[in-house]
Amino acid sequence: MSLDEVRKCDGIQNKDRLLVTHDGIVYDVTMFAENHPGGRTLLETAAGLDLQHFFDNYTVHGKSDKAANWLAPLAVGKLTEEETLMAKQHTTPEKHVEKRMAMLTKARRKILVVTASLPLWLAVRNFVSFVGWFVPSLGRSLARIVPVVVPGFSPGAEPLHCEEEEQYSVAVIGGGIAGCGAAWSCKESGFRVTLFEARPHVSGNARTFDWDFSPYREKDEEQTVRSCVSVTAWPSLYYKNYTALLEKLDIETVHQPLSWFLNSKVEGAVGTLWGADPRLYEGSLRKVLEKDFNRYKYTLNISNVICDFFTFRWAPWRREDEPSMYDNHQGLGFMNPFNIIPLYTLYRSLGGSDLWWDVVFTPHYTASFLVDELRPFPAVFGPLIESQIPLLPNKSNCWQGKSKRGENDCNINTCVTWKDAGKGIREVFDRLTSGIDLRENTRVLDVKVLPNGKKRVYDENDKYVDVDRVIFACPVNAIGNIHKSHSELADTILATPIYADDLHPSSGHMHAVMHSDSTVIESEHREDCLKRASNYVEVTRLSNGEINIENQYNFGVQTPGPGVYDLPLDKKPVMLISHSLGEGKSIDPSLVRGTGNHARAHPLYSGWNVMAMLSLRLVNGENGIYYCSNWTTPANCHDMSFLSGLVCAHAVGAKYPFEHKREAKKDFNRLRDLMGI
Ligand SMILES: Cc1cc2nc3c(=O)[nH]c(=O)nc-3n(C[C@H](O)[C@H](O)[C@H](O)COP(=O)(O)OP(=O)(O)OC[C@H]3O[C@@H](n4cnc5c(N)ncnc54)[C@H](O)[C@@H]3O)c2cc1C
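The model shown is predicted, which means the values in this text are computed figures rather than measured ones.

Scoring rules and cut-offs
Residues numbered from 1 in each chain as written. Predicted model: local features only at pLDDT ≥ 70, side-chain atom pairs only at ≥ 80, totals over all residues. Heavy atoms only, no water. Domains from an automatic or database assignment. Contact = heavy atoms within 4.5 Å. Buried area = accessible area lost by both parts, 1.4 Å probe. Patch = residues over 30% accessible without salt bridge, like charges linked within 9 Å, V, L, I, M, F, W, Y side chains within 5 Å. Areas by Shrake-Rupley, 256 points an atom, 1.4 Å probe, with all protein chains shown as cover. Salt bridge = Lys/Arg side-chain N within 4 Å of Asp/Glu carboxyl O. Helix = DSSP H or I, 4+ residues; strand = E, 2+ residues; numbered from the N terminus. Buried < 20%, exposed > 50% of the residue type's maximum accessible area, 1.4 Å probe, protein only. UniProt positions renumbered as here; feature names shortened; annotations may be inferred. Near = heavy atom within 4 Å. Polar contact = N/O pair within 3.5 Å; in protein donor to acceptor, adjacent residues only side chain to side chain. Nonpolar A, V, L, I, M, F, W, Y, C, P; charged D, E, K, R; others polar.

A.B. asks: How do you make sense of the domain arrangement of the chain when you look at a structure like this?
C.D. replies: In many reports, interface size means the accessible area that the parts give up when they come together. Here the chain is described as being made up of domain 1 (3-91), domain 2 (115-204 + 421-499 + 604-675) and domain 3 (258-412 + 501-597). Each of domain 1 and domain 2 has a C-alpha centre, and the two are 33 Å apart. The partner domain 2 presents six residues to the 10 residues of domain 1 that form the contact. Summing both sides of the interface, domain 1 and domain 2 together bury roughly 760 Å²; the carbon and sulfur share of this comes to 44%.

A.B. asks: Explanation requested: a nonpolar patch on the surface in the structure shown.
C.D. replies: Together, Phe 130, Trp 133, Phe 134, Val 135 and Leu 138 make up a nonpolar patch on the protein surface, roughly 620 Å² of accessible area in all. No other element matches the three residues that helix H7 (residues 118-134) contributes to the nonpolar patch. Structurally, Trp 133 is set in helix H7.

A.B. asks: Honestly, the pattern of salt bridges in this entry has me stumped. Any pointers?
C.D. replies: Opposite charge on two side chains makes pairing possible when the charged atoms of those side chains draw close. Tallied over the full model, the rule gives 44 salt bridges. Note that Arg 318 and Asp 321 form a salt bridge whose closest N and O atoms lie 2.9 Å from each other. Looking at Arg 318, the relative accessible area reads 4%, which means it is buried. Residue classification places Asp 321 among the buried residues on the basis of a relative accessible area of 13%. As a salt-bridge pair, Lys 585 and Glu 550 come within 3.1 Å of each other at their nearest N and O atoms. Highlighted residues: Lys 585 in the loop between strand S23 (576-579) and strand S24 (592-597) and Glu 550 in strand S22 (residues 547-554), separated in sequence by 35 residues. Relative accessible area serves as the criterion here: at 1%, Glu 550 is assigned to the buried category. Beyond isolated ion pairs, a larger network of salt bridges with shared partners links Lys 240, Arg 313, Arg 318, Asp 321, Asp 327, Arg 662, Glu 663, Lys 666, Asp 667 and Arg 670.

A.B. asks: Looking at this structure, I do not really get the UniProt feature "domain: Cytochrome b5 heme-binding" (unreviewed entry) in the chain. What am I missing?
C.D. replies: Sites flagged by UniProt as "domain: Cytochrome b5 heme-binding" (unreviewed entry) map to residues 1-80. The annotated region residues 1-80 carries 31% helix and 15% strand content, and the separation between its end C-alpha atoms amounts to 8 Å.

A.B. asks: Any chance you could explain the site of the ligand here in plain terms?
C.D. replies: Residues in close proximity to the ligand total 36 residues, the closest being Glu 197, Asn 205, Tyr 239, Asn 636 and Ser 641. Between Glu 197 and the ligand, the recorded distance is 2.6 Å, taken from a side-chain N or O atom to an oxygen atom. Within the side chain of Ser 629, a nitrogen or oxygen atom sits 3.4 Å from an oxygen atom of the ligand. In the complex, 93% of the free accessible area of the ligand, which totals 1,000 Å², lies under the protein chains. Contributions of two or more residues to the shell around the ligand are made by helix H9 (177-188) and helix H23 (638-652). Here the residues of the shell around the ligand are counted per class, giving 18 nonpolar, 15 polar and three charged.

The structure is reproduced here in structure tokens:
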């Protein structure tokens, strides 16, 4: 077969036949696209290209031999040796991104139409609900006719209340915090729950890692240190529901001092920055780029004033409200132009420079968002991130002074973490899933709506369960392939969300290396950083002119619990998690302790995702099928995912579990408003 023929079958020039290559063999994946576990669109992105890039960067393909086994029978031809090489060289990350963006652009045109028609559909829904309150049977009849879901009236969208134990059943697909939260809440309210998780263990993106220090420690010392890889810290002020959950599950937390250290070597902006330190010390980037820091201050002030104005923060009835991540739509919040105007645009319009944005803002937040493209980040979120991980620290979010870690120590004091890092987070998932029919290592392949309204959920082991309700709590792309009879409207919404790896499929921010090689930190700053920096961020200009943001997460500082926390500072083991190592640098292979991959981890904070999230209400609950998890919320964090699970469980008929927590309940109701169910 010729490479030319393969390239034509790329899902764009030829939509009827999809060909890919791998190691010189040509595979026809046209039929398989409907069953691709990552979804049809993601496979279409690879059509006409070589799979090596996708296998290297989406390591899920290599974790078992499933992908290879699925591919083998689809072989239809062979390339010459020369063309095998050409196919590999042609499939660059840029080529992949180009195709993905073309697909997203198509989806975006459609979502614009859907979002523009939202007010109309909301009016229709309200009308049907209004009629239904007076004449329920008429409400139900009307709900059958309209093309959008009317909560409480459309078939399958009525809440079920178990009068006796396990009267009704729910299947939850995806065992991250959203799925486990939904499953737990349903079980607490008497539902029979089956929870499916494709990976060997539940926890989703809340991963942990065991560091083996046996060669370096005395016999009677703790040999293994358990740390998190994600969900290392959270501001309890904003994570009200997650905090309530930890209290209920009896999981102990401790204060987590955080301090980002940034080392820029980019011409015109050479200097360092302790994120939590407001002082203008010699060589501080605050001094080098003072004008830009001021511009950013104005940007945040404006953003604050506008957001407060639209959300009625000034109104007497809102004065009692504690700060919240979920209240940007309160009052007239939906009309706030900053929902779609990027923070970057606002900052630039006030005279801020690109240099500051690329060398300070983006590196500072890349550690949190795992993506170095933050220009689409909506201005409405500016005040929120500033209050959690400030660039302009003040007394309410930072602490500075003398400590056992340094003469001039300074850190962010808004966050908490596990008392015992790796153990704490695992206990959360164990306790959430206790008593549930948990099927780990079991990928769901198909969900069918049966004529009697029940849903049949098929898994990869050729087993199925029949249930009354289904809650999807997995990444968005796969859902269309699992729930094949979804509507055209659902298809548009499911095709829209953009994830961090859509922009940077091969960048180091997706790939983590756990290691103990401290030489990656510049010698001048090494000792200080190992002692007190939760992150070491090095910003350099690459030979191709682009900026590289290297992140070393310092788990020696970030990990409480046995084995690390109480050790004298000079005895703490070096525990670094490296992303996007700078040009010319390397990690001593003998000090590498493991690797990890965060593909499909973070949906981007972008106006497009907000549109998909708001539009989702039109199909959420259709035929008793619900959607939660991070792509269904306004941003991406543990509290939001967990709460989205509670919102879906509530729509299914479960009780809200923290009734007595006033502020947590307000957040729950705010997210219900946003999700529209
Ligand atoms: C490196 C990193 C650091 C982070 N740090 C923090 C932090 O400090 N604080 C914080 O609040 N948040 C943090 N986050 C974000 C947080 O981890 C996520 O917001 C949250 O865990 C997402 O949970 P979720 O349930 O929505 O989705 P996921 O965790 O993605 O869960 C989805 C689950 O669905 C499963 N699945 C997919 N398809 C199927 C199928 N067909 N059948 C069955 N199961 C399926 C997947 O295997 C997965 O387990 C971090 C994330 C990363 C990657």
